[in-house]
Amino acid sequence: MKQPDEGNLFTDLMEFGPAPTMAREVVVIVISLALLAAVIALVGTSTLVWIVAAVAVVFLAARFAFGLREWGNR
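Read on for an overview of the structure. Worth saying up front: this structure is predicted, and the values here are computed from it rather than measured. (Residues numbered from 1 in each chain as written. Predicted model: local features only at pLDDT ≥ 70, side-chain atom pairs only at ≥ 80, totals over all residues. Heavy atoms only, no water.)

**Some remarks on the overall build of the protein**
Stage number 1. When helices and strands are tallied, the protein shows 3 helices and 0 strands.
Stage number 2. Going from N to C terminus, the protein has its helices and strands arranged as α-α-α.
Stage number 3. The principal-axis extents of the C-alpha atoms in the protein amount to approximately 40 × 20 × 15 Å.
Stage number 4. By the burial criterion, 22% of the 74 residues in the protein qualify as buried. (Helix = DSSP H or I, 4+ residues; strand = E, 2+ residues; numbered from the N terminus. Buried < 20%, exposed > 50% of the residue type's maximum accessible area, 1.4 Å probe, protein only.)

**With respect to the environment of Ala61**
Stage number 1. Mapping Ala61 onto the fold places it in helix H3 (residues 47-72).
Stage number 2. Given the relative accessible area of 44%, Ala61 is considered partly exposed.
Stage number 3. Along the sequence, Ala61 and Ile29 sit 32 residues apart, while their C-alpha atoms lie 8.7 Å from each other.

**Things to note about helix H2 (residues 22-43)**
Residue pairs three or four apart in sequence face the same way in an α-helix, which turns once every 3.6 residues.
Stage number 1. The terminal C-alpha atoms of H2, which comprises 22 residues, lie 31 Å apart, in line with the 32 Å expected from a rise of 1.5 Å per residue.
Stage number 2. Turning to H2, its buried residues number three or more, namely Glu25, Val28, Ile29, Leu36 and Ile40. Looking down the long axis of H2, one finds its buried residues gathered within 105° of arc, a one-sided arrangement. Residues of H2 that are exposed and point more than 90 degrees away from the buried face comprise Ala23, Val30, Leu35, Ala41 and Leu42. (Expected span 1.5 Å × (residues − 1). Arc of directions from axis to C-beta.)

**Points about the side chain of Glu25**
Stage number 1. With respect to the helices and strands, the residue Glu25 is situated in helix H2.
Stage number 2. Residue contacts for Glu25: discarding those within four places in its chain leaves Pro18, Ala19, Arg63, Phe64 and Trp71. (Contact = heavy atoms within 4.5 Å.)

None of the figures reported here should be taken as evidence of function without further support.
See the structure below:
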């Protein structure tokens, strides 16, 4: 994981791993959920959209859980 002074919000959003700090990861989660809500509002609600949304939420939760282990070691 990167140091907190490395990277920026865009790189935090694009990475598969968690952000360097918990606060930055929470911001990433909020932005990701807002973008997901916008896509659902534009595309509509179909089964495929809900499956993609569920996968995205599970992915964000896994990123946060993995980050908890890393943030606790600092």
